[in-house]
Amino acid sequence: MKKLLSPLVITVGLIAGPVATANHIDFLSDAGFSLSADEADPTPSMNISSGASGNIIGAEREVSLWADVGGYTAELGVPAGPGAVGPNTAVILNVTPNDTTSFGTMRLIYNGQGNAGLGGLDFDTMWDSLDVNFDSISGGQLDLRLSVSDTNGNTGMAAMGALGSAGTYSFPFTHSEFVNAGVNFSSVESITFDFETIDPGVGFGIAGITREAIPEPSSTLLLGLSMIGLIARRRR
């Protein structure tokens, strides 16, 4: 007589899932403003906005806008003063040309209150990149440049050219321009973004600027024993 023992199958496995950590550079939920620039006035239009440090890194945002041809308007339509900490997807920094021939540039500077610097903030321990989230890019393409300076005076500038569609664009800390310049992301002093239109009449909207971590596996261990195809025969 034969007895067949059913195989016992217990799986040992590793379940991996992405874990991402994000933190602000500018959630754009503090300190509304409206700037207008025209080629007839070569002096950039400027706004210095203060807000909650949880929304604007260093608690201050410097915005400059100028037009090489035609005119541009940059508008962040939120009430001035501290807002809720965290991303606000309903708030967009819109940059609009006044006609289809306009060329212009907007600069965002984050270097602390009164240009005091960011005090050597450590980006490197928790994050791997600086990301810009465009809600829209219309009418053509633009160039995006990022300059980062550390407390030792090292400055690196990385660029992305011919951006033509909405989405998130990332500058990794390992970009060759930052590495070659010796930028220490463990001791960041200032950050500057330049948005320069390269086609006439380009408009764009920015939904937020963040620091991001590259997803890494998180592990859940399922303890067990695998015994597959075990067949025991017992004879009488």
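None of the values given here were measured: they were computed from a predicted structure.

Caption draft 1: The overall build of the protein, seen in detail. Scanning the protein for helices and strands turns up one helix and 15 strands. In the protein, 80% of the contacts between residues at least 6 apart in sequence involve partners at least 24 apart. Carbon together with sulfur atoms contributes 53% to the accessible area of the protein, which is approximately 12,100 Å² in total.

Caption draft 2: View of the nonpolar core. Counting 48 residues, the largest nonpolar core has Met-106, Phe-134, Ile-191, Phe-193, Phe-195 and Ile-206 as the members making the most contacts within it. Look past the residues within four positions of Phe-193 in its chain and what remains in contact with it is Ile-25, Met-106, Arg-107, Leu-108, Tyr-110, Val-132, Leu-144, Arg-145, Leu-146 and Ile-209.

Caption draft 3: The arrangement of the sheet that holds strand β11 (residues 155-163) in detail. As summarised here, the arrangement of the six strands in space is β4-β5-β8-β13-β10-β11, forming an open sheet in which the pairing is antiparallel. Single-partner strands in this sheet number two, and they are β4 (45-50) and β11. Taking the axes of each pair of neighbouring strands and ignoring which way they run, one obtains an average angle of 15° across the sheet.

Caption draft 4: Quick peek at the environment of Trp-66. Examined against the element boundaries, Trp-66 turns out to sit in strand β5 (residues 60-69). Separated by 28 residues in sequence, Trp-66 and Asp-38 have C-alpha atoms that sit 6.8 Å apart. Non-local contacts of Trp-66, meaning those with residues more than four positions away in its chain, are made with Ala-37, Pro-44, Gly-104, Thr-105 and Arg-107.

Caption draft 5: Looking closely at the pairing of strand β3 (residues 33-38). A one-sided burial pattern is seen for β3, the buried positions being Phe-33, Leu-35 and Ala-37 and the unburied ones Ser-34, Ser-36 and Asp-38. Bridge analysis of β3 against strand β6 (residues 71-76) gives six bridges, and the strand direction is antiparallel. Residue pairing in the sheet places Ser-34 in a bridge with Glu-75 of β6.

Caption draft 6: Summary view of the pattern of salt bridges. Tallied over the full model, the rule gives three salt bridges. One salt bridge in this structure joins Asp-194 and Arg-107, with 2.6 Å as the shortest N-O distance. Taken as a pair, Asp-194 in strand β13 (residues 188-197) and Arg-107 in strand β8 (residues 103-110) lie far apart in primary sequence, 87 residues in all. Relative accessible area serves as the criterion here: at 6%, Asp-194 is assigned to the buried category.

Caption draft 7: Main features of the side chain of Ser-149. Examined against the element boundaries, Ser-149 turns out to sit in strand β10 (residues 142-150). Owing to a relative accessible area of 15%, Ser-149 belongs among the buried residues under this scheme. In terms of polar contacts, Ser-149 uses its side chain to reach the side chain of Thr-155, at 2.6 Å. Once residues lying within four places of it in the same chain are set aside, the contact partners of Ser-149 are Asn-154, Thr-155, Val-188, Glu-189 and Ser-190.

Caption draft 8: The packing of aromatic side chains, seen in detail. All told, the structure shown has nine aromatic pairs when counted by the stated rule. Between Tyr-110 and Phe-193 the ring centres are 6.5 Å apart and the planes differ by 80°, which places this aromatic pair in the edge-to-face class. Taken together, the residues span a long stretch of sequence, with Tyr-110 in strand β8 and Phe-193 in strand β13 at a distance of 83 residues. Exposure remark for Tyr-110: the relative accessible area of 0% places this residue in the buried category. Where Phe-134 meets Phe-204, the ring centres are 6.3 Å apart and the plane angle is 70°; that geometry is what we call edge-to-face. Here the residue Phe-134 occupies a position in strand β9 (residues 129-138), and Phe-204 occupies one in strand β14 (residues 203-212), the gap between them amounting to 70 residues. A relative accessible area of 3% places Phe-204 in the buried class. Of the aromatic side chains, those joined through ring pairs into one cluster are Tyr-110, Phe-134, Tyr-169, Phe-193, Phe-195 and Phe-204. In this arrangement the basic side chain of Arg-211 is found over the ring face of Phe-123, its NZ or CZ atom lying 4.6 Å from the centre. Over the aromatic face of Trp-127 sits the side chain of Arg-211, whose NZ or CZ is 3.9 Å from the ring centroid.

Calculation rules
- Residues numbered from 1 in each chain as written.
- Predicted model: local features only at pLDDT ≥ 70, side-chain atom pairs only at ≥ 80, totals over all residues.
- Heavy atoms only, no water.
- Helix = DSSP H or I, 4+ residues; strand = E, 2+ residues; numbered from the N terminus.
- Contact = heavy atoms within 4.5 Å.
- Areas by Shrake-Rupley, 256 points an atom, 1.4 Å probe, with all protein chains shown as cover.
- Core = buried A, V, L, I, M, F, W, Y, C linked by side-chain atoms within 4.5 Å.
- Buried < 20%, exposed > 50% of the residue type's maximum accessible area, 1.4 Å probe, protein only.
- Pairing = 2+ DSSP bridges.
- Axes fitted to C-alpha atoms, helices over the stretch in contact; angles between N-to-C directions.
- Salt bridge = Lys/Arg side-chain N within 4 Å of Asp/Glu carboxyl O.
- Polar contact = N/O pair within 3.5 Å; in protein donor to acceptor, adjacent residues only side chain to side chain.
- Phe/Tyr/Trp six-rings, centres within 6.5 Å; stacked < 30°, edge-to-face > 60°.
- Lys NZ or Arg CZ within 6 Å of the ring centre and 35° of its normal.

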